[in-house]
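Each chain is listed here by its residues.
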Amino acid sequence: MPVAIDVGQRVLVYNPSHGWTLAYFVTAQQNNDNKLQILTCRLSNCHHKATSQDHYRYPPERVALNDTIGNNLNVGTRVLCMPSGDADTSRYIDKPLRGIIAEQPSSINNQRYLIFADNDSPFYLRSIAIHLLLESLSNYLSKVDLGTKHYIENYVLTYPKRRLVNISAKDHINIELNGQWIDAIVSKVEGSLMRVFLPILDKHEWLYRGSLRLQPLFNSVSSYEPPCKRFAVNKETTIDNKCHFLLIPLNQGWKRQIRNDLGTIVYISPCGQMFTDAERLYSYLFQIDSLLNIKQFSFDMNCRVTQKFISLKQPIVQIEDYSNERENVPLMLVNEYDSTLPKIFEYITDRIPLTSDIVIDKSTIQGCSCTDGCLDTTKCACWKKTYDAIIESHYYEDLIGELKELFDDDENIENMRLYLYEALSKRNYGYKHGRLLEKIHSGIYECNVKCKCDSRCTNRCVQFGVNTLLQIYNTSEKGWGVRTLYDLPAGTYLSCYAGEVLNDEDANRRGVQKNMGDVYFTALDFVASLNPSSRKSRPMMNMNNVSHVDNMNANSDLQQHNGNDRTYMEEENIPIEKTKAFLEYQQANYDPGIFVMDAHLKGNVSRFYNHSCSPNVFVQNVFIESWDVRFPWVAFFTASHIKAGTELVWDYSYEVDTVENRVLHCRCGSEECRHRLL
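Criteria and thresholds
Residue numbers here run from 1 along each chain, matching the order of that chain's written sequence. Local features in this predicted model are restricted to residues whose pLDDT is 70 or higher, and side-chain atom pairs enter the listing and the counts only when it is 80 or higher, whereas totals over whole chains, interfaces and linings include all residues. Hydrogens and waters are ignored; side-chain quantities use all the structure's heavy atoms. Runs of H or I in DSSP of at least four residues are treated as helices and runs of E of at least two as strands, each being numbered from the N terminus. Identification of polar contacts relies on pairs of N or O atoms within 3.5 Å, with a donor-acceptor requirement for protein atoms, meaning one able to donate a hydrogen and the other able to accept it, and with residues adjacent in sequence counted only if both atoms are side-chain atoms. UniProt positions are given in the numbering used here, feature names are shortened, and annotations may be inferred rather than shown by experiment. Salt bridges, as used here, are contacts in which a Lys or Arg side-chain nitrogen is within 4 Å of a carboxyl oxygen on Asp or Glu. Residue exposure (1.4 Å probe, protein chains only): buried if accessible area is under 20% of the type maximum, exposed if over 50%, otherwise partly exposed. Residues enter a nonpolar core if they are buried and are Ala, Val, Leu, Ile, Met, Phe, Trp, Tyr or Cys, with the set joined through side-chain atoms within 4.5 Å. Whether two strands pair depends on DSSP finding at least two bridges between them. Two joining distances apply to patches: 9 Å for like charges and 5 Å for nonpolar side chains (Val, Leu, Ile, Met, Phe, Trp, Tyr), and every residue must have over 30% relative accessible area and no salt bridge. Computed by Shrake-Rupley with a 1.4 Å probe, the accessible areas treat only the displayed protein chains as cover when residues are assessed. Any cysteine sulfur atom paired with another within 2.5 Å is treated as part of a disulfide.

## Focus on the environment of His 18
Line of reasoning, step 1. The topology assignment puts His 18 in the loop between strand E1 (10-15) and strand E2 (19-30).
Line of reasoning, step 2. Within the structure, His 18 has its side chain in polar contact with the side chain of Ser 17 (distance 2.9 Å).

Have a look at this one:
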């Protein structure tokens, strides 16, 4: 609990019909972050026993301690101010007011607190008329408009450093009123406050001398250029990208603070700018042409940026970079049980067609003309390509149907399409500040080499490659696996599945070879997902914790191809709802065969991901340099916040009894384990 309170302690509670009245505290409910949610209190005139279930329940913003405060409350504390003749207030208070402490008592303000009242003018008040609210500042800020939130956050973070207008009585100043600047005359200056007379309204008003309603301050902030802008455009500056990606800003002089009082993370730039949300930070980085990227920041309060995982076991084998510098960052491999290594393979980071007749069509891609970093997703051609795929996809027909019902003008197709773009953007379908929080079944179309946007684009992620510090390790019971060395926020890109691309014939031949097999086969089956109603779901084979081989891989959109037992269902004679993407596929006259990715001889870190019935990773189909739906990039993203040292696992989505005479038992060990995969 943020405030110490005992059972039976006297409190003030607010009821809309009775105002603030005396009561006694009974009990409280807290959330997972130990923050107050509901307080049960017994009114002073209540005849029920203290243990009764009939007492009233109040949210923390409606409960205050009955005892008045001392002179040591911090700026930002939520308080209740009561009318009092002895409070030496700077203005008359005729009703109880809630607000925050904006200035502590001192000789300058005559030992009074400055109060920023909710929806009222600021004032000075002595402690004898102030009561401590049980509401946290973070709870209050979650309910106010974004402008107020940012202003108060910045005020609390920078106090006692403030920018005040230097002004005297009888001076004229323009102040903002209903969106217009009007002339005002200063009638009194008292500490950080000033009282002005508004001739146009013939009334007085108290204002804080640091308010942005004062034109001199508003103009200075509007024309303010961050001091670090001159450094940010220096392209000769080099950034070490070999470390954990969330450490990069800290290595460049940024600070990251966990502010429990504000309920948020605060990033402080080298020049002192403070940011409490990704939207403002992205705009700032774009404005100053920074070499840093929004993906390198995390406002997740559970994410421990600097804490690295260190195993308690001494490794017998340790390779600092198993990729041999083929990845952007080192890929460590350790064996803490014996001296064995994975079977030898060539480490690659791309998809390599086995034969020359397998051609990934790169001629059909188009680019956007955005110069704003594709911030307006409804105008970016590549974002709209992703949205169009969602709109036409079987997976989202219920969502799109509901959205269309909310649109008034059914006959205006273009306006409806724009409305759907805006609705999908507001629901964060696709990347959000460099992260993907939910799988897009219809695929993501990233910006590409034909686009006018640059690396700061909101729609570029997978194409930058691996930037997370991962570790391949011997799991003892499941063979080789992969774990993260640092905390990862939800939606973080991990890697793509790399390997050789085989056609049907080569896959069948390789699958029956004794020294090869199908243990690393994954079928590129995105075409079938365009019209899922046309095919029954098909089982996937492979993977490590169901077999004694090094590792095997599969996925619901990337069905495994078995060279011995053909498990694919033939196309059924049912009508196909042809989406735009499927029609493009047909018109291109592509080879209709299934292509297989094999990571046996050539592959990357993705071949080591294990299965779990409680996955923390999901798979996403992504198109970058080609819109050829036969060959999507298979990208892995974190499904939730993952702590350092945790194994990265995903659900292979096998279906039991779909392969005749084959049984695979699951050894994932999770509480939700299904025990059988096949």
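## Focus on the UniProt feature "domain: Post-SET" (unreviewed entry) in the chain
Line of reasoning, step 1. In this structure's numbering, the residues bearing the UniProt feature "domain: Post-SET" (unreviewed entry) are residues 662-678.
Line of reasoning, step 2. Secondary structure within residues 662-678 divides into 0% helix and 0% strand; the distance between the first and last C-alpha atoms comes to 7 Å.

## Quick notes on the pattern of salt bridges
Line of reasoning, step 1. Considering all chains together, one arrives at 27 salt bridges under this definition.
Line of reasoning, step 2. The partner of Lys 602 in a salt bridge is Glu 346, and the shortest N-O contact between them spans 4.0 Å. With a gap of 256 residues between them, Lys 602 in strand E29 (residues 602-603) and Glu 346 in strand E20 (residues 346-347) connect regions that are remote in the sequence.
Line of reasoning, step 3. Judged by its relative accessible area of 22%, Lys 602 falls in the partly exposed class.
Line of reasoning, step 4. For Glu 346, a relative accessible area of 41% gives the class partly exposed.
Line of reasoning, step 5. When the shortest N-O distance is used, the salt bridge between Arg 510 and Glu 500 registers 2.8 Å. Of this pair, Arg 510 sits in helix H10 (residues 504-511) while Glu 500 sits in strand E26 (residues 499-502), placing them ten residues apart in sequence. Here Arg 510 matches Glu 500 in class, with each residue buried.

## Examining the nonpolar core
Line of reasoning, step 1. Counting residues in each nonpolar core, the largest one holds 66 residues, and the members touching the most others are Trp 254, Ile 472 and Tyr 609.
Line of reasoning, step 2. For this core, the elements supplying multiple residues, two or more each, are strand E16 (264-268), helix H6 (278-287), strand E23 (470-474), strand E24 (480-484), strand E28 (595-598), strand E31 (617-623) and strand E32 (633-638).
Line of reasoning, step 3. Broken down by element, the residue count for this core peaks at five residues, all from H6.
Line of reasoning, step 4. Listed in part, the 38 residues of the second largest apolar core include Cys 374, Cys 380, Ile 391 and Ala 423.

## Some words on the pairing of strand E11 (residues 172-177)
Line of reasoning, step 1. The sheet contact formed by E11 and strand E12 (residues 180-190) spans six bridges and is antiparallel. Bridge pairing in E12 links Ile 175 to Ile 182.
Line of reasoning, step 2. Hairpin connection between E11 and E12: a loop of two residues separates the two successive antiparallel strands, and Asn 178 in this loop has a positive phi of roughly 55°.

## Considering a nonpolar patch on the surface
Line of reasoning, step 1. Judged by side-chain polarity, Trp 181, Leu 212 and Phe 218 come together as a nonpolar surface patch covering roughly 260 Å² of accessible area.
Line of reasoning, step 2. Of note, Leu 212 is situated in the loop between strand E14 (203-208) and helix H3 (215-222).

## Some points on the state of the cysteines
Line of reasoning, step 1. Enumeration according to the criterion identifies zero disulfides in this entry.
Line of reasoning, step 2. This cysteine, Cys 382, is not joined by any disulfide, and Cys 451 carries the nearest cysteine sulfur, 3.5 Å off.
Line of reasoning, step 3. You can call Cys 382 buried: its relative accessible area is 1%.
Line of reasoning, step 4. Here Cys 673 stays free of any disulfide, with the sulfur of Cys 666 as its closest cysteine sulfur at 3.7 Å.
Line of reasoning, step 5. Accessibility expressed as a relative area gives 14% for Cys 673, which makes it buried.

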